[in-house]
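Structural overview for review
Listed here are the chains, written in short residue letters.
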Amino acid sequence: MTDLVYFEDVQVGDTHRFGQYAVTREEIIEYAQQFDPQPFHLDEEAAKKSMFGGLIASGWHTGAMLIRMLCDHAIPGSATTGALGFDDLKWLKPVRPGDILSVETEVREKTESRSRPDIGVVKIASRVHDQRGETKMTLVSLVLYRRRSARPAAG
Amino acid sequence: MKYWEDIRPGDTSTLGSHTVTAEEIIAFAKKYDPQPFHLDEEAARRSIFGGLIASGWHSCAIMMRLSVDAMRREEMAGVGSPGIDSCRWQKPVRAGDTVTVRTEIMETWPSRTKPLGFIRRKAEMLNQHGEIVLTVIGIGMFQRRATAPGSGA
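What this report covers is the structure whose coordinates are included nearby. (Residues numbered from 1 in each chain as written. Chains lettered and ligands numbered in written order. Predicted model: local features only at pLDDT ≥ 70, side-chain atom pairs only at ≥ 80, totals over all residues. Heavy atoms only, no water.)

Some details on the overall build of chain A
- A tally of helices and strands in chain A yields four helices and five strands.
- Starting at the N terminus, the α and β elements of chain A follow one another as β-α-α-α-α-β-β-β-β.
- Along the first, second and third principal axes, the C-alpha atoms of chain A reach 60 × 30 × 25 Å.
- Residue pairs in contact within chain A that sit at least 24 positions apart in sequence constitute 70% of those at least 6 positions apart.
- For chain A, the accessible area works out to roughly 7600 Å², and carbon and sulfur atoms hold 50% of it. (Helix = DSSP H or I, 4+ residues; strand = E, 2+ residues; numbered from the N terminus. Contact = heavy atoms within 4.5 Å. Areas by Shrake-Rupley, 256 points an atom, 1.4 Å probe, with all protein chains shown as cover.)

As structure tokens, this is what we get:
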């Protein structure tokens with residue numbers, strides 16, 4: 001089995017590109033009905049009359065799509081154990097039906113946890129792009145990585 | 001209708017509540033965040049969380065729903081958000097938890113280029129024990145009274 005990437009293995013400046021998330025009208029509306037029922041996420045006609053000029057995904061839905069791409073491509077090979085949260089999230093451009101999203105990540109900073117010697121915090125900047133290379137959303141996640149030194153011997 | 005001018009720094013509010021079920025935690029996780037501690041009761045019990053917990057993005061989504069429902073009730077002219085300053089998942093949200101959200105307006109300022117105004121709001125999600133499980137400081141955009149269609153201004 002391939003060894004996992006632990007806190008010690010992560011280097012500031014590491015970059016990765018991955019993901020291909022096809023955004024559909026149905027999924028935009030389904031998410032909006034459950035979590036963000038504002039007219040421009042829910043109703044094509046109302047969205048056309050809004051400042052967005054057409055149906056757009058909830059920004060929180062774009063965040064959910066980002067975590068899905070991270071789960072599919074980045075998290076499986078990493079000794080991560082969740083995240084503390086994120087900073088500086090910017091919804092730069094609307095996500096619309098037909099968009100195909102991908103992710104670019106860059107490691108910004110590593111900090112050893114003061115309270116938990118088995119854990120380190122890694123600041124990872126994620127940029128969500130569309131098929132034209134336009135940046136839709138950016139944020140900086142605070143990801144918890146297990147430390148190699150704390151790995152059980154039988155690992 | 002309530003416009004940007006009607007929102008003032010220091011305004012506080014308590015939004016509605018929502019009881020989180022295992023089914024909805026798992027449904028969200030299957031679609032968006034399929035990590036074992038969000039997806040599978042057994043695997044979650046063996047994880048550092050000791051049981052099934054909601055995806056942090058699911059907690060944010062629940063906070064959004066409670067915010068939108070409150071905006072509708074109060075007929076606030078919200079038109080989206082340019083972003084979030086910070087989001088912290090402070091404690092796990094578990095199946096059976098009943099969460100509510102309290103908010104405080106930190107500052108407001110007008111757009112220089114659009115007929116809109118901005119607000120910075122702190123929103124804290126609390127569970128039934130009164131523990132803060134999620135804190136989001138974010139920016140909201142609202143229509144301005146003077147420029148709203150049909151406002152007569």
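Quick notes on the environment of Val 143 of chain A
Residue and element names in this part refer to chain A.
- Considering the arrangement of structural elements, one finds Val 143 in strand β5 (residues 135–146).
- A relative accessible area of 14% means that Val 143 is categorised as buried.
- Leave out the neighbours within four places in its chain, and Val 143 touches Thr 80, Gly 82, Ala 83, Gly 120, Val 121, Val 122 and Ile 124. (Buried < 20%, exposed > 50% of the residue type's maximum accessible area, 1.4 Å probe, protein only.)

Some points on the nonpolar core
- One finds Trp 60 and Phe 86 of chain A together with Trp 57 and Leu 134 of chain B to be the most contacted residues of the largest nonpolar core, which totals 63 residues.
- Here the element with the most residues in this core is helix α4 (residues 56–73) of chain B; it accounts for nine residues.
- Apart from the residues lying within four places of it in its own chain, the contact partners of Phe 86 of chain A are Trp 60, Leu 139, Val 140, Ser 141 and Leu 142 of chain A together with Trp 57, Ile 84, Asp 85, Ser 86, Cys 87, Arg 88 and Trp 89 of chain B. (Core = buried A, V, L, I, M, F, W, Y, C linked by side-chain atoms within 4.5 Å.)

Digging into the interface of chain A and chain B
- Taken together, the 36 residues of chain A in the interface contact 35 residues of chain B.
- Carbon and sulfur atoms supply 62% of the area buried between chain A and chain B, which totals about 3000 Å² over both sides.
- Counting the surface chain A buries against chain B, the share from its top three residues, Phe 35, Trp 60 and Phe 86 of chain A, is 22%.
- Our count for the contact surface shared by chain A and chain B stands at one salt bridge.
- One salt bridge connects Arg 88 of chain B with Asp 87 of chain A, and the closest N-O pair in it is separated by 3.0 Å. (Buried area = accessible area lost by both parts, 1.4 Å probe. Salt bridge = Lys/Arg side-chain N within 4 Å of Asp/Glu carboxyl O.)

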